[in-house]
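Architecture at a glance
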There are 2 protein chains.
Amino acid sequence: MIKATCLACKDGSGKMMCTTINRRAVGPKDVHIKVSYSGICHSDIHTGKGEWGKKQYPLCVGHEILGIVVEVGSTVTKFKVGDTAGVGCMVDACLECEECKEGDEQFCSGPRGFTGTYGSNGPEELYPGGMTHGGYSSNIVVREEFVIALPQKMNVAAAAPLLCAGITCYSPFVKHGLKAGMQLGVVGLGGLGHMAIKIGVAMGCVVTVITTSPSKVELALGMGASKVVVSTDEAQMKAAAKSLHFVYNSIAFDHDIQMYLDLLKNQGTMLLVGGVPKGAMPAGSFALIGRGLRLCGSLIGGIRETQEMVDFCAKHDILCDIELVPATPEAVDVAWERTIKSDVKFRFVIDTAATLNPTV
Amino acid sequence: MIKATCLACKDGSGKMMCTTINRRAVGPKDVHIKVSYSGICHSDIHTGKGEWGKKQYPLCVGHEILGIVVEVGSTVTKFKVGDTAGVGCMVDACLECEECKEGDEQFCSGPRGFTGTYGSNGPEELYPGGMTHGGYSSNIVVREEFVIALPQKMNVAAAAPLLCAGITCYSPFVKHGLKAGMQLGVVGLGGLGHMAIKIGVAMGCVVTVITTSPSKVELALGMGASKVVVSTDEAQMKAAAKSLHFVYNSIAFDHDIQMYLDLLKNQGTMLLVGGVPKGAMPAGSFALIGRGLRLCGSLIGGIRETQEMVDFCAKHDILCDIELVPATPEAVDVAWERTIKSDVKFRFVIDTAATLNPTV
């Protein structure tokens, strides 16, 4: 087995501790990655605090993982030592069901579904301790099929969040038919929203950002948005009515979607990526029928799509806007608190290789 | 002007009276149709009783109109006297906006939107009295672009409801990618639902009907459904979980859509065509995101699509299951009452030409 140093939640408080975990020895199909950077996603916090189900601790989270290949299994063909490699939200799936065959491993309908990068149960021989541990860690061993190849120039902290935030924009854009020249609205200017602007602009769309914060207007325009609508300004919202082909809705708290549906052109599509609890979307069917609107949920993206997204971002020089934090329990605790308060522009990334204490 | 005999709602009670209305004289682009049959759609009742907005009376409703061309304008090319012709839910639109150019006149974004076949305001010179009157009538004059051509064999009462019920199934099926070999679920076995079975089967789909009424099992199988799931039977619903690519949801009263979403395969699509009030669909965004589901509203269909649907139904010998009623106020009053109670298999059609009193 391979010992890895990591930052892990010590309990349901989500507070970090520095500890060690075991990774499996590198099997014939495995890629062993020394982690350079690991992004901080809000899902880490929900999972780490047990808000999405009870977990066992210590639990090392993180699913925006970027690093360098240090060892490959005997049958690995896609990677060699020294390559830049990424791991996103999944580390395994059946690869045999209808969904996996279509490249949608995130919807794997095999007996176990997909294996999440952290906090998923799995066989002891693959995941020592019986549970997966994520990227707030010095090393990770992942089967080749779930490792993403990145060009060397992308071995930078600002590329790490692409592995989750980037694909969560790119996948629904491609899947639901966003095309160059279309009007794209982005609601919720956070980690996902700011990627949606950049990827949308690179796809040739005219991007309108809808935000409650007049303070974000300049920021959004700086990222390539053509227009910013302040949603608390009734006149601005009225002027923007029926103007958008797509609305990318990344708001992750209870909200009435009707005001954003009103911005869609007839037969427009709202892409939903922010988890909102049952009962919190009070738009009746008339809202969808009368104008032929579509409401499409989307969950990250498949592996093939993730590779495509990384290649697209490399080609268009798209990176995230980040704040780098050292790999100490104190620094990550603060980053989590600030993430919860949406006080981050726009993603924290842990500077793992440079700052994680190797001697715990 | 052309005088037409008709059955019209005398007031907001929706009760019928026999009266006369005026149609405009046949203009160069107009087609004058002698109505053979007119289907009774639930929308007639909502509109006639003022449930969808206040109306002026007397109001002649009906938008499933089938008849014979008795006169054409000087520039009409698609029709000649003696042809079988149909009129659906629209009699005009701008034909210049983005939506009209795409053939989606039902979403016309021109200054006036589309003109509904009945109860829409319009210029006095086109619609004497300033409002459109529908198909419960001896004659109607409609501009050529909004008249559907039918083969002579379809001048039968059972074809009339295709003009609304038929297109309300066909349009979303085509638009949202229903394909041969797919699993189609139909929820709500009424006028729309029974057409969805027939059209779905003709498109090569395997159709499952989901119903609360065990009494409808035989009926559904007789129409070509492969399977019927009784929704009050938990075991049956469980066995059908995640089995359908599409669910055609034609329920028009408050309901929790979650139990039907559960029947969709990952990344499946629910087509919504039944108007349900705001707040009545308590499925949160997690329901859509976790499995990548789509919720698509759909409103009738465009004229080109309606023509395509009629041609498709003619080719596959698809007609509605109907009960014929004479064109008397008493008979139509009873038919409306029974429609409200869903006591009809599956559509009432008024036997206009044969029974409407020509001398009021």
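Rules of the game
Residues numbered from 1 in each chain as written. Chains lettered and ligands numbered in written order. Predicted model: local features only at pLDDT ≥ 70, side-chain atom pairs only at ≥ 80, totals over all residues. Helix = DSSP H or I, 4+ residues; strand = E, 2+ residues; numbered from the N terminus. Rg over C-alpha atoms; globule rule 2.2 N^0.38 Å. Buried ≥ 20, exposed ≤ 12 C-beta atoms within 10 Å, placed from the backbone. Contact = placed C-beta atoms within 7 Å. Pairing = 2+ DSSP bridges. Axes fitted to C-alpha atoms, helices over the stretch in contact; angles between N-to-C directions. Parallel < 35°, antiparallel > 145°, perpendicular 65-115°, else oblique. Nonpolar A, V, L, I, M, F, W, Y, C, P; charged D, E, K, R; others polar. Expected span 1.5 Å × (residues − 1). Domains from an automatic or database assignment. Left-handed = near helix turned anticlockwise from the far one by under 90°. Core = buried A, V, L, I, M, F, W, Y, C linked by C-beta atoms within 7 Å. Right-handed = clockwise from strand over helix to strand, strands pointing away. pLDDT = per-residue confidence, 0-100.

1. Focus on the overall build of chain A
A tally of helices and strands in chain A yields 11 helices and 17 strands. Over its C-alpha atoms chain A spans a radius of gyration of 20 Å, differing by no more than 12% from the 21 Å that the globule rule assigns to 360 residues. Overall size of chain A, expressed as C-alpha extent along the three principal axes, is 60 × 40 × 40 Å. Buried positions account for 52% of the 360 residues belonging to chain A. In chain A, the share of contacts with a sequence separation of at least 24, taken over all contacts with a separation of at least 6, comes to 68%.

2. Re the sheet that holds strand β14 (residues 264–272) of chain B
Ordered by their spatial adjacency, 12 strands build an open sheet running β12(A)-β11(A)-β10(A)-β13(A)-β14(A)-β15(A)-β15(B)-β14(B)-β13(B)-β10(B)-β11(B)-β12(B), and the pairing between neighbours is mixed. Two strands bound the open sheet, and with one partner strand each, they are β12 (227–230) of chain A together with β12 (227–230) of chain B. Averaged over all pairs of adjacent strands, the angle between strand axes in this sheet comes to 20 degrees, irrespective of strand direction. Each of β10 (183–187), β11 (206–211) and β13 (244–249) of chain B is contacted by helix α4 (residues 191–202) of chain B, which is oriented at about 170 degrees to β10(B), the strand it contacts most.

3. Comments concerning the packing of helix α3 (residues 165–175) of chain B against helix α9 (residues 303–315) of chain B
All names here are of chain B. One way to put it is that α3 packs onto α9 with a least axis distance of 9 Å and a crossing angle of 105 degrees. One way to sum up the angle between α3 and α9 is to call them roughly perpendicular. Note on element contacts: α9 touches α3 through E305, T306, M309, F312 and C313, opposite G166, I167, Y170, S171 and V174. Of the residues that constitute the contact of α3 with α9, the class distribution is six nonpolar, three polar and one charged.

4. Notes on helix α9 (residues 303–315) of chain A
If you check α9(A), its first and last C-alpha atoms are 18 Å apart, about what 13 residues at 1.5 Å a residue would give, namely 18 Å. Immediately beyond the C-terminal end of α9(A), within one or two residues, lies A:D317, with a positive phi of roughly 50 degrees.

5. Some points on the environment of A:I303
Residue and element names in this part refer to chain A. Within the fold, I303 resides in helix α9. Between the alpha carbons of I303 and E145 there is a distance of 7.8 Å; along the sequence they are 158 residues apart. With residues up to four places along the chain from it excluded, the contact list for I303 reads G103, E105, E145 and F146.

6. Observations regarding the domain arrangement of chain A
Much of the literature gives interface size as the accessible area that the parts lose upon coming together. All names here are of chain A. Domain assignment breaks chain A into domain 1 (2–164 + 320–355) and domain 2 (166–297). Using C-alpha coordinates to define each centre, domain 1 is positioned 29 Å away from domain 2. The partner domain 2 presents eight residues to the 11 residues of domain 1 that form the contact. Classifying every residue of the side of domain 1 that touches domain 2 by side-chain character gives six nonpolar, three polar and two charged.

7. Focus on unusual backbone geometry
Following A:Y57, the chain continues to A:P58 via a peptide bond in cis, the omega torsion being 0 degrees. Its place among the elements puts A:P58 in the loop between α1 (42–48) and β4 (65–72). A cis amide bond, omega -5 degrees, links A:K345 with the succeeding residue A:F346. Along the polypeptide, A:F346 turns up in the loop between α10 (329–340) and β17 (347–350). You will see that A:L95, though not glycine, has its phi angle at about 60 degrees, which is positive. In this fold, A:L95 is placed in the loop between β6 (90–92) and α2 (98–101). The backbone of B:K242 shows a phi angle near 55 degrees, a positive value even though the residue is not glycine. Its place among the elements puts B:K242 in the loop between α6 (234–239) and β13.

8. As for the packing of helix α3 (residues 165–175) of chain A against helix α4 (residues 191–202) of chain A
Residues and elements named next belong to chain A. Contact geometry for α3 and α4: axes closest at 8 Å, N-to-C directions at 50 degrees. With respect to α4, the axis of α3 lies oblique. Along this stretch, α3 crosses α4, giving a crossing that reads as right-handed. For the pair α3 and α4, contact is made by A165, G166, T168, C169, Y170 and F173 and by G191, L192, M195, A196 and I199, respectively.

9. Focus: the nonpolar core
Side chains of nonpolar character tend, in soluble globular proteins, to be buried together. Formed by 222 residues in total, the largest nonpolar core has its most connected members in A:V87, A:V186 and B:V186. Discounting residues that sit within four places of it in the chain, B:V186 has contacts with B:G193, B:A196, B:I197, B:G200, B:V207, B:V209, B:I210 and B:Y248.

10. What about the pairing of strand β10 (residues 183–187) of chain A?
All names here are of chain A. Among the five residues in β10, five count as buried, and that is most of the element. Neither face of β10 is exposed, since Q183, G185 and V187 on one face and L184 and V186 on the opposite face are all buried. Across five bridges, β10 lies against strand β11 (residues 206–211) in parallel orientation. When the bridges of β11 are listed, V187 appears paired with I210. Crossover β10 to β11 through α4 is right-handed.

11. Observations concerning the confidence of the model for chain A
When pLDDT is averaged across chain A, the result is 94; 97% of the residues are at 70 or more. Interface scoring of the predicted complex returns ipTM 0.91; its pTM is 0.93.

12. What to know about the environment of A:Y136
Residue and element names in this part refer to chain A. Of note, Y136 is situated in the loop between β7 (115–116) and β8 (139–143). For Y136, a count of 31 C-beta atoms within 10 Å gives the class buried. Along the chain, Y136 and G39 lie 97 residues apart, while their C-alpha atoms are 8.4 Å from each other.

13. Side note on the environment of B:S213
Here B:S213 lies in the loop between β11 and α5 (217–222). Each C-alpha atom of the pair B:S213 and B:V230 lies 6.7 Å from the other, and the pair is 17 residues apart in sequence.

14. Concerning the pairing of strand β15 (residues 294–297) of chain B
Where burial is concerned, the two faces of β15(B) agree: the one with B:R294 and B:C296 and the one with B:L295 and B:G297 are both buried. Pairing geometry for strand β15 (residues 294–297) of chain A and β15(B), over three bridges, is antiparallel. Considered in β15(B), the bridge of A:L295 is made with B:L295. Here β14(B) pairs with β15(B) via four bridges, running parallel. Bridge pairing in β15(B) places B:L271 opposite B:C296.

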